[in-house]
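What follows is each chain in one-letter form.
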Amino acid sequence: MTAPGQQPVFRHDAGFFSSPEETVTAVVPFLDEAVERGIPAYVRLEDDLAAMVRERLAEPEAVGFVEGASLANPLRAVRAMNDAAIGVVDAGVEEVRLVGCVPRASLGSKHGWEQWARYEAALNHIYAGIPLWGLCCYSTPPPAHVRADVLATHTGVLDDGGRWQPSEEYVDPASWIAARALTSVELLDEGAPAFELADPNPGRAREAVARLATDAGLGAERVDDLVLAVNEVVTNGFLHGSRPVTLRGWSDHEGVLLTVEDHGAGIDDDFAGMMPPRHDDRTLGGRGVRLARMCSDLVTFRRNPDSFTVRLAVVLP
Amino acid sequence: MRRCEVVDRPTGFDLHDHVLWAHFGAEDWRKVLALFLQEGLVDNQRLVYAGTLQAEELLADLVALPDLDGLLATRRLELWSAHADPEEIGRRDVAAQAARLGSVVDAALAEGYTGIRLASEITDALAHVDDAEAHLRLECQVDQVAATHALVVMCGFDRLVVDPATMQGEFAVHPLRGCGTEAPRLHALGDDTWSLGGQVDILSHAGFAQAMAALPDVMRGDVLHLEVGQLEFIDVAGLRALVRLAEAVADRGRVVLHQPPQWLARMLALTFGTVEGLELLEPERRRLRKLR
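Residues numbered from 1 in each chain as written. Chains lettered and ligands numbered in written order. Predicted model: local features only at pLDDT ≥ 70, side-chain atom pairs only at ≥ 80, totals over all residues. Heavy atoms only, no water.

Asks: I'd like a description of the sheet that holds strand 4 (residues 77-81) of chain B, backed by residues and values.
Replies: Residue and element names in this part refer to chain B. One open sheet holds the 7 strands; their spatial order is 1-7-2-6-5-3-4, and the pairing between them is parallel. Of all strands in the sheet, those bounded by a partner on one side alone are strand 1 (5-6) and strand 4. Alignment of strand 1 against strand 7 (residues 176-177), held across 2 bridges, turns out to be parallel. From the neighbouring strand, Val6 faces strand 7, where its bridge partner is Arg177. Of the strands in this sheet, strand 2 (18-23), strand 3 (46-51), strand 5 (116-121) and strand 6 (151-158) are in contact with helix 1 (residues 26-42), which crosses strand 5 at around 170°. (Pairing = 2+ DSSP bridges. Helix = DSSP H or I, 4+ residues; strand = E, 2+ residues; numbered from the N terminus. Contact = heavy atoms within 4.5 Å. Axes fitted to C-alpha atoms, helices over the stretch in contact; angles between N-to-C directions.)

Asks: An account of helix 7 (residues 202-216) of chain A is requested, with residue identities and associated values reported.
Replies: Given 3.6 residues per turn, any residue in an α-helix points the same way as the ones three and four places further on. Helix length check: helix 7 of chain A, at 15 residues, gives a terminal C-alpha distance of 21 Å against a target of 21 Å (1.5 Å per residue), a fit within 8%. Among the residues of helix 7 of chain A, Pro202(A), Gly203(A), Ala205(A), Arg206(A), Ala208(A), Val209(A), Ala210(A), Leu212(A), Ala213(A) and Ala216(A) are the ones counted as buried. Looking at the buried residues of helix 7 of chain A, the elements they touch are strand 8 (195-198), helix 8 (220-240), strand 9 (246-251) and strand 10 (255-262) of chain A together with strand 9 (193-200) and strand 10 (223-234) of chain B. Between the side-chain oxygen at the start of helix 7 of chain A and the backbone nitrogen of Gly203(A) there is a gap of 2.8 Å, and the oxygen is on Asn201(A). One or two steps after helix 7 of chain A, the chain reaches Gly217(A), where phi turns positive at roughly 105°. (Expected span 1.5 Å × (residues − 1). Buried < 20%, exposed > 50% of the residue type's maximum accessible area, 1.4 Å probe, protein only. Polar contact = N/O pair within 3.5 Å; in protein donor to acceptor, adjacent residues only side chain to side chain.)

Asks: Give a description of the interface of chain B and chain A that names residues and reports values.
Replies: With 34 residues of chain B at the interface, the matching set in chain A holds 35 residues. Along the contact surface separating chain B from chain A lie 3 salt bridges. Taking the shortest distance from any N to any O, the salt bridge between Arg206(A) and Asp201(B) comes out at 2.9 Å. Connecting chain B to chain A are 7 residue pairs in polar contact (both at pLDDT 80 or more). (Salt bridge = Lys/Arg side-chain N within 4 Å of Asp/Glu carboxyl O.)

Asks: So what's going on with the nonpolar core? Residues and values would help.
Replies: Soluble globular proteins: nonpolar side chains tend toward being buried together. Ranked by internal contacts, the top residues of the largest apolar core, which has 72 residues, are Leu226(A), Leu247(A), Leu258(A), Leu226(B), Ile234(B) and Val255(B). A total of 9 residues in this core trace back to one element, the largest contributor, which is helix 8 of chain A. Once you skip the residues sitting within four places of it in the chain, Leu258(A) turns out to touch Phe195(A), Val209(A), Leu212(A), Leu226(A), Val230(A), Leu247(A), Arg248(A), Gly249(A), Val310(A), Arg311(A) and Leu312(A). By size, the runner-up hydrophobic cluster in this structure holds 61 residues, among which are Ala34(A), Leu132(A), Cys137(A) and Val146(A). (Core = buried A, V, L, I, M, F, W, Y, C linked by side-chain atoms within 4.5 Å.)

Asks: I'd like a description of the side chain of Glu120(A), backed by residues and values.
Replies: Residue and element names in this part refer to chain A. Relative to the assigned elements, Glu120 resides in helix 4 (residues 110-126). Despite its burial, Glu120 remains without a salt bridge, the nearest opposite charge being carried by Arg44 at 6.9 Å. At 2.9 Å, the side chain of Glu120 forms a polar contact with the side chain of His12. At 2.6 Å, the side chain of Glu120 and the side chain of Tyr138 are in polar contact. Setting aside residues no more than four positions away along its own chain, Glu120 makes contact with His12, Val102, Cys136, Tyr138, Thr153 and His154. (Lys, Arg positive; Asp, Glu negative; His and termini not counted.)

Asks: Tell me what's going on with the packing of aromatic side chains, and back it up with residues and numbers.
Replies: Residues and elements named next belong to chain A. Scanning the entire structure with this criterion turns up 9 aromatic pairs over all chains. When the ring of Phe30 is compared with that of Trp133, the centres are 4.9 Å apart and the planes differ by 85°; the resulting orientation is edge-to-face. Residue Phe30 is located in helix 1 (residues 20-36), and its partner Trp133 is located in strand 5 (residues 132-138); the two are separated by 103 residues in the primary sequence. Trp133 matches Phe30 in its accessibility class, with the two residues each being buried. Both rings, one in Phe301 and one in Phe308, keep their centres 5.8 Å apart while their planes meet at 40°; by these two values the pair is tilted. Residue class for Phe301 comes out buried when judged on its relative accessible area of 5%. Residue classification places Phe308 among the buried positions, given a relative accessible area of 3%. (Phe/Tyr/Trp six-rings, centres within 6.5 Å; stacked < 30°, edge-to-face > 60°.)

In structure tokens form, the structure reads like this:
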């Protein structure tokens, strides 16, 4: 914990616990100390954990609780965190503390965990230099591969003695993302596409995406989401990339994959679109990519020798 | 009476038709070109492909045409490669070109053809302002020839290259247009009440933004109503134009979107959040429709 007078930096720590009760026992002192020192503190946990924390806090009314629905997907979680905490930082506060979690249901899902793992890595990039101390709680023992990902994407970890130690397995986010293997849905492009359109008329592109997603079994709202997402990426390819812009689509029992390839330099920020724009920023830059991320499950960028490819994947429920 | 309407396919044209077709790059144009010219083969017309490119480049656009070598050898198909020097383009004698065209049509008729089917890719011809103005004069002359001779003409241009203002000028001198169905439709329903329909995407960003920018100047009261129930699609750039509209009237009122589809409300929330001065009334649970 930061000592009074010590300059805080972004810390992204993780704690592994055996039960919700053990989790609450560890995080409540963290929050109580913040309140005692006048440090703004927030909780973004699933509803049952949040209720337990609220009950044990010395001054629960002094801690901000972000609703559990913000955990619907990682980008919504980032947005909720921004709304709650970063605004306070902008006002000149020198430290903010946040206790958060990943939905427990996602830990046992291959694609579900992958979304959150990438989010955990992205936080180290998005909030680097922000005086935020984030504490991610894993309130049930996670599978081994999840534990390994957590250690690589968190700067510190709570040891058996209840002390916070730097994580020896931490990997900087750019390296982590670059080395991250694609999921099986994202690798559907190893096979022949269901369709391929070069320099597509955008209306025809949207139609092809809608047909593929509908035939794959996605629900109506997810189909519309994917159409919106792909349209933005295709548009970016035409406006900022280099033609030909090629849209391809695949599907199988696991999900749907769309790729948009152009022959330009592409986006050089692997985390583009993960950070919500400021409320007072009404420019257009980056909103298309952000929408693509919000409307898809997994979005990745790949730079090839003479082209740039955006992958958008949606996993079937 | 000559046809004057929006068309949605590059076939079904008769003598005296003069169509402007906005394509989406070389591959798209070649498919359209092949369909247009093949119809001329069926109708026993002599085919002409004209442009500012060199002959070899014009040939490349015709790869999809069957028996290309045979068509050229028998002069069933002719290539007209105009002078490629940009400085020469503005100095061409428009009237002379039109007269030549009329003579060519008459010659084709004398050889037993039913007329001339002429296609031209005009993107390069519109590259400079002076060229665009000269080209408009040429198109007017061509249209007069099409009206009085056995001629059917298709002019194609790359929609992502030609600027919107030039496009509008070209639309004005072509009785048939092949891309109007993609453009959004904005029309007044009454004072400060407008209906917006169709699709707003990369093909129509510029025109849509200009239209939205014009609305504040004609606003009379303090509420501008936009009926968007007929809006089939809008992208982030289109939403940005709506947000700018709300910002433009924020000092004196607000913009109200009536019957916005739920996907639009969601998209707006995801990309711009709550926008001061922009109110959504009665969001409808309606899917994206008419995606083409």
